[in-house]
Amino acid sequence: MRNTALMVAADHQREDMLETLLQKKPVNSFNINARNKAGKTALFVATEKSHERVVEWLFIYAKADPGIKDNEGKLALDIARGVLEKCDQLGFDSVFPSYVTKGMCSYYDPMTKSYMETVRVLEGRPKPPTHEREI
């Protein structure tokens, strides 16, 4: 099977497109867990691209199944954890060469934080409270 419209929307981080698709067709009228030739779902596509808001949206709102394995036997969660593990082992520059950083992974870098949030969502952990003061 080719990529679905949901996979394309997830790939390009198009939350507006995801919302439109679900408004036109209720969640139960199509397969949110449709798989492409590699066995990946829209949740996989969003995870691989580190689109944590799309992952959260697909997982919580659209009820995408995080227990589906791709053709390599991996879960979407395995993909996100694997990136963070590789980052810790090799250093941020080796994993994300387009970012100019020095040393090991910094948990303040946007890409690293995005993968950390993706792992949190897929593990079903609640979002930590923010410590921002209201003005």
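These numbers come from a predicted model, not from an experiment.

(A) Looking closely at the overall build of the protein chain. Scanning the protein chain from terminus to terminus reveals seven helices and zero strands. For the protein chain, the N- to C-terminal ordering of α and β elements is α-α-α-α-α-α-α. For the protein chain, with 135 residues in total, the buried portion stands at 39%. Of the contacts made within the protein chain by residues no fewer than 6 positions apart, 60% connect residues no fewer than 24 positions apart. Counting every atom, the protein chain has about 8700 Å² of accessible surface; 53% of that belongs to carbon and sulfur.

(B) Broad picture of the packing of helix α4 (residues 52-61) against helix α7 (residues 110-122). Following both chains from N to C, one finds α4 and α7 inclined at 10°, their axes separated by 9 Å at the closest point. Relative to α7, the element α4 lies roughly parallel. Within the contact between the two elements, α4 uses E52, V55, E56 and F59 and α7 uses S114, E117, T118, R120, V121 and L122. Residues that form the contact of α4 with α7 fall into these classes: four nonpolar, two polar and four charged.

(C) The arrangement of the nonpolar core in detail. By size, the foremost hydrophobic cluster in this structure holds 30 residues, and its most contacted members are A10, L18, L43 and L58. At the level of elements, α1 (5-11), α2 (15-24), α3 (42-48), α4, α5 (76-90) and α7 are the ones that each hand at least two residues to this core. The greatest single-element share of this core, amounting to six residues, is contributed by α5. Those residues in contact with L43, other than ones at most four positions away along the chain, are V55, L58, F59, A64, D65, P66, A76 and L122.

(D) Seen up close, the side chain of D70. Inspection of the secondary structure assignment puts D70 in the loop between α4 and α5. In terms of polar contacts, D70 uses its side chain to reach the backbone amide nitrogen of E72, at 2.9 Å. If sequence neighbours within four positions are ignored, D70 has contacts with R35, A38, G39, K40, F44 and I79.

The rules behind each value
Residues numbered from 1 in each chain as written. Predicted model: local features only at pLDDT ≥ 70, side-chain atom pairs only at ≥ 80, totals over all residues. Heavy atoms only, no water. Helix = DSSP H or I, 4+ residues; strand = E, 2+ residues; numbered from the N terminus. Buried < 20%, exposed > 50% of the residue type's maximum accessible area, 1.4 Å probe, protein only. Contact = heavy atoms within 4.5 Å. Areas by Shrake-Rupley, 256 points an atom, 1.4 Å probe, with all protein chains shown as cover. Axes fitted to C-alpha atoms, helices over the stretch in contact; angles between N-to-C directions. Parallel < 35°, antiparallel > 145°, perpendicular 65-115°, else oblique. Nonpolar A, V, L, I, M, F, W, Y, C, P; charged D, E, K, R; others polar. Core = buried A, V, L, I, M, F, W, Y, C linked by side-chain atoms within 4.5 Å. Polar contact = N/O pair within 3.5 Å; in protein donor to acceptor, adjacent residues only side chain to side chain.

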